[in-house]
Amino acid sequence: MNRPLVGTLATAVLGAAALVGTVPTAQAAPERAASHHGQYRTKAVNFAGTVALSNCSGSVVRMPTSQANDPALVMSNGHCLESGMPGAGEVIVDQRSSRSFTLLDRSARGVGTIRATKVAYATMTDTDVTIYQTGSTYAQIEQKYGIKPLELATEHPAKGAGISVVSGYWKKIYTCSIDGFVPTLKEGDWTWKDSVRYTPECKTIGGTSGSPVVDTTTGKVAAINNTGNEDGEKCTVNNPCEVDENGNVTVHQGTNYAEETYGIPKCFGAGNKLDLSAAGCALPKPAGVRK
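Residues numbered from 1 in each chain as written. Predicted model: local features only at pLDDT ≥ 70, side-chain atom pairs only at ≥ 80, totals over all residues. Heavy atoms only, no water.

Regarding the overall build of the protein
Secondary structure assignment for the protein yields 2 helices and 16 strands. Buried residues in the protein amount to 51% of all 291 residues. Summarising the internal contacts of the protein: among those between residues at least 6 apart in sequence, 66% fall at separations of at least 24. For the protein, the computed accessible surface area is about 12,600 Å², with 49% contributed by carbon and sulfur atoms. (Helix = DSSP H or I, 4+ residues; strand = E, 2+ residues; numbered from the N terminus. Buried < 20%, exposed > 50% of the residue type's maximum accessible area, 1.4 Å probe, protein only. Contact = heavy atoms within 4.5 Å. Areas by Shrake-Rupley, 256 points an atom, 1.4 Å probe, with all protein chains shown as cover.)

As for the pattern of salt bridges
Taken as a whole, this structure holds 8 salt bridges when the rule is applied. Ionic pairing is found between Asp94 and Lys118, a salt bridge with its closest N-O pair at 2.9 Å. Taken together, the positions of Asp94 in strand E4 (residues 91–96) and Lys118 in strand E6 (residues 110–123) put the pair 24 residues apart, joining distant regions of the chain. Its relative accessible area of 35% is what places Asp94 among the partly exposed residues. Lys220 is the partner of Glu151 in a salt bridge, and the nearest nitrogen-oxygen pair spans 3.7 Å. Separated by 69 residues along the polypeptide, Glu151 in strand E8 (residues 150–151) and Lys220 in the loop between strand E12 (212–215) and strand E13 (221–228) bring together distant segments of the chain. Where salt bridges share partners, they join Arg62, Glu151 and Lys220 into one cluster. (Salt bridge = Lys/Arg side-chain N within 4 Å of Asp/Glu carboxyl O.)

So, the pairing of strand E2 (residues 57–62)
With respect to burial, E2 is a largely interior element, 6 of its 6 residues being buried. With 3 bridges connecting them, strand E1 (residues 50–52) and E2 associate as antiparallel partners. Within E2, the position partnered with Thr50 by the bridge is Ser59. Taking the residues between adjacent antiparallel strands as the criterion, E1 and E2 are bridged by 4 residues. (Pairing = 2+ DSSP bridges.)

Some details on unusual backbone geometry
Of note, Ala108 is a non-glycine position whose phi angle comes to about 75°, a positive value. Here Ala108 shows up in the loop between strand E5 (100–104) and E6. For Asn238, which is not glycine, the phi torsion reads 70° and is therefore positive. Relative to the helices and strands, Asn238 is located in the loop between E13 and strand E14 (241–243).

Some thoughts on the state of the cysteines
What the rule picks out here adds up to 4 disulfides. Covalently, Cys56 is tied to Cys80 through a disulfide, its sulfur atoms 2.1 Å apart. Of note, the bridge from Cys56 to Cys80 carries an S-S torsion of about -85° and is left-handed in sense. Pair noted here: Cys56 is in the loop between E1 and E2 and Cys80 is in the loop between strand E3 (71–76) and E4, with a separation of 24 residues, a long-range link. (Disulfide = S-S within 2.5 Å.)

What about the packing of aromatic side chains?
Inspection of the entire model under this criterion finds 2 aromatic pairs. Between Phe101 and Tyr132, the ring centres sit 5.1 Å apart and the planes meet at 65°, which makes this aromatic pair edge-to-face. One end of the pair, Phe101, is in strand E5; the other, Tyr132, is in strand E7 (residues 129–137), with 31 residues separating them in the sequence. Taken individually, Phe101 and Tyr132 each receive the classification buried, so the pair is uniform in this respect. (Phe/Tyr/Trp six-rings, centres within 6.5 Å; stacked < 30°, edge-to-face > 60°.)

Describing the side chain of Thr255
Inspection of the secondary structure puts Thr255 in the loop between strand E15 (249–250) and strand E16 (256–260). For Thr255, a relative accessible area of 17% gives the class buried. If near-sequence neighbours (up to four positions away) are discounted, Thr255 is found in contact with Arg197, Tyr198, Gly228 and Asn229.

A look at the environment of Gly271
Within the secondary structure, Gly271 is located in the segment after E16. For the pair Gly271 and Asp70, spaced 201 residues apart in sequence, the C-alpha to C-alpha distance is 5.2 Å. Filtering out sequence-adjacent residues up to four positions away, Gly271 remains in contact with Asp70 and Pro71.

Here's the deal with the nonpolar core
Ranked by size, the top nonpolar core spans 38 residues in total, and within it Val60, Met75, Phe101 and Ile264 carry the most contacts. Elements with a contribution of two residues or more to this core: E2, E3, E4, E5, E6, E7, helix H2 (138–145) and E13. Ranked by residues supplied to this core, first place goes to E6 with 5 residues. The contact partners of Phe101, leaving out residues within four places of it in the chain, are Val51, Ala52, Leu53, Val74, Gly112, Thr113, Ile114, Arg115, Ala116 and Tyr132. Listed in part, the 12 residues of the second largest apolar core include Ala161, Ile178, Val196 and Val213. (Core = buried A, V, L, I, M, F, W, Y, C linked by side-chain atoms within 4.5 Å.)

Next comes the structure, spelled out in structure tokens:
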């Protein structure tokens with residue numbers, strides 16, 4: 001997985017220079033001109049609404065049905081959870097949290113801090129996601145900082161779609177396309193379903209974990225960045241392997257992946273409340289609730 005980074009670990013893995021601005025920053029994905037038929041235009045993607053965590057990336061997100069006075073949600077990876085990575089098959093709901101997030105504007109400048117009140121949902125089973133509920137509403141965030149949330153798409157992403165992976169931790173945008181989809185992605189004890197495979201241009205690294213993957217045509221979040229095969233090993237931690245419908249296992253060193261998010265809105269109802277029993281909600285359910 002695109003490993004969470006903390007303090008000296010980040011320095012050891014990526015070098016001190018990476019922590020003082022040599023990684024490209026504050027660069028929006030370029031806006032592509034409309035086709036000669038004028039049917040579409042690729043949207044410019046910037047950092048507004050993304051957040052930097054202590055060791056990962058994330059974003060303030062809304063469901064299509066979210067209202068201005070609903071408590072704002074922040075999305076990152078399950079493996080970025082501050083209480084430790086959930087085990088295979090583990091689902092966490094309604095866990096108290098006071099985690100803070102640095103909110104970024106379009107130029108990747110930190111404009112303020114928002115704080116979680118709880119982990120609404122977290123798992124590394126089938127997907128790799130943590131969704132925090134914060135103590136601020138969308139309206140309060142917009143009024144105070146002028147920042148709007150990113151909206152989660154509700155349709156399955158398309159092969160070949162242009163995407164931008166926006167890392168609040170590194171203040172860097174990776175731009176590439178969806179190369180295809182992986183029926184089963186295995187890494188260590190964890191298994192993810194219908195994962196997104198990037199084309200080679202998205203060379204995501206540790207600290208990009210939890211970055212929103214934005215469809216550059218719609219401007220909506222299509223997936224959440226989470227892992228890549230670093231060393232060419234087979235199905236080990238930091239070296240996911242692909243398993244096709246027939247059970248054939250392949251390894252693609254240097255390839256990076258994300259987990260789709262289009263099903264998440266079906267699991268949140270009025271007031272941004274989690275409802276795992278809602279019609280169409282396919283997120284894994286907890287065997288027991290961990291407080």
